[in-house]
Amino acid sequence: MVTTAREAQRPATTTEQVWRELTKASFAVISQVTAAGAPRSSGVVYAVEDRRLYAVVAPHSWKARHLAADGRVAVTVPVHRGGVLALVAPIPPATISFHGHATVRPASVLPERLSHLVPAERRASCRVVEIEPDGDFVLYGIGVPLLRMREPATARARVPVSVSPPLPGE
């Protein structure tokens, strides 16, 4: 991969910074393919725990059915930037995108951080979607000043989902 001068000026964004942004955010768009091969996307509210995203869905929803049948997903998390300036200027959100594997689990694995998002009467019957990212995070506008988001070569980056510990002697 060739690095341009503009990309070389971009501050390095770390895996830890991306996980912090994912933990602060709470909304994601999950995309998958149905059993019939049709693309499908939907928004979910999520929480992060142990480097996995957890979302709650209805037990008989198409999300629960499709994700249980084929757990391959693509996820995009919008990260709002701009503060008060975003109220008067058209500032698009930064984004964190990745692919991963989703597993549909019973309500008993609902992380405590997410339980307040589900009405008490639905907690026993809901399904929990556990999403484990893999590969790289594909970033736009994460770790760069707001005005640099206008420069795609500077605003884009790839960061590994996890960093392997160094080998002995490294």
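Here we summarise the structure given alongside this text. (Residues numbered from 1 in each chain as written. Predicted model: local features only at pLDDT ≥ 70, side-chain atom pairs only at ≥ 80, totals over all residues. Heavy atoms only, no water.)

Our focus in this paragraph is the side chain of lysine 63. Structurally, lysine 63 can be placed in helix H3 (residues 62-69). Although lysine 63 is buried, it makes no salt bridge; aspartate 70 carries the closest opposite charge, 17 Å away. A polar contact is formed between the side chain of lysine 63 and the backbone oxygen of glycine 43, at a distance of 3.2 Å. If sequence neighbours within four positions are ignored, lysine 63 has contacts with Ser42, Gly43, Val44 and Val57. (Helix = DSSP H or I, 4+ residues; strand = E, 2+ residues; numbered from the N terminus. Buried < 20%, exposed > 50% of the residue type's maximum accessible area, 1.4 Å probe, protein only. Lys, Arg positive; Asp, Glu negative; His and termini not counted. Salt bridge = Lys/Arg side-chain N within 4 Å of Asp/Glu carboxyl O. Polar contact = N/O pair within 3.5 Å; in protein donor to acceptor, adjacent residues only side chain to side chain. Contact = heavy atoms within 4.5 Å.)

Enumeration over the complete set of coordinates arrives at 8 salt bridges. With a shortest N-O distance of 3.3 Å, arginine 52 and glutamate 132 are connected by a salt bridge. You can see arginine 52 sitting in strand E3 (residues 52-57) and its partner glutamate 132 sitting in strand E6 (residues 127-140), a full 80 residues away along the chain. Classification of arginine 52 by relative accessible area gives partly exposed; the value is 24%. The class for glutamate 132 is partly exposed, based on a relative accessible area of 40%. Ionic pairing is found between glutamate 151 and arginine 148, a salt bridge with its closest N-O pair at 2.9 Å. A residue is classified by how much of its surface remains accessible, and glutamate 151, at 25% relative accessible area, is partly exposed. Each member of the salt-bridge network shares a partner with another, and the members are Arg52, Arg105, Glu130 and Glu132.

With that out of the way, let us pick up the environment of serine 97. Its location among the elements puts serine 97 in strand E5 (residues 94-106). Sequence-wise, serine 97 and tyrosine 140 are 43 residues apart; in three dimensions their C-alpha atoms are separated by 8.7 Å.

If you check which residues of helix H2 (residues 15-24) are buried, you get Thr15, Val18, Trp19 and Leu22. Relative to the axis of H2, the buried residues are bounded by an arc of 100° and lie together on one face. Along its buried surface, H2 packs onto strand E2 (39-49), E3, strand E4 (72-79), E5, E6 and strand E7 (156-160). (Arc of directions from axis to C-beta.)

Keep in mind these numbers describe shape, not what the thing actually does.
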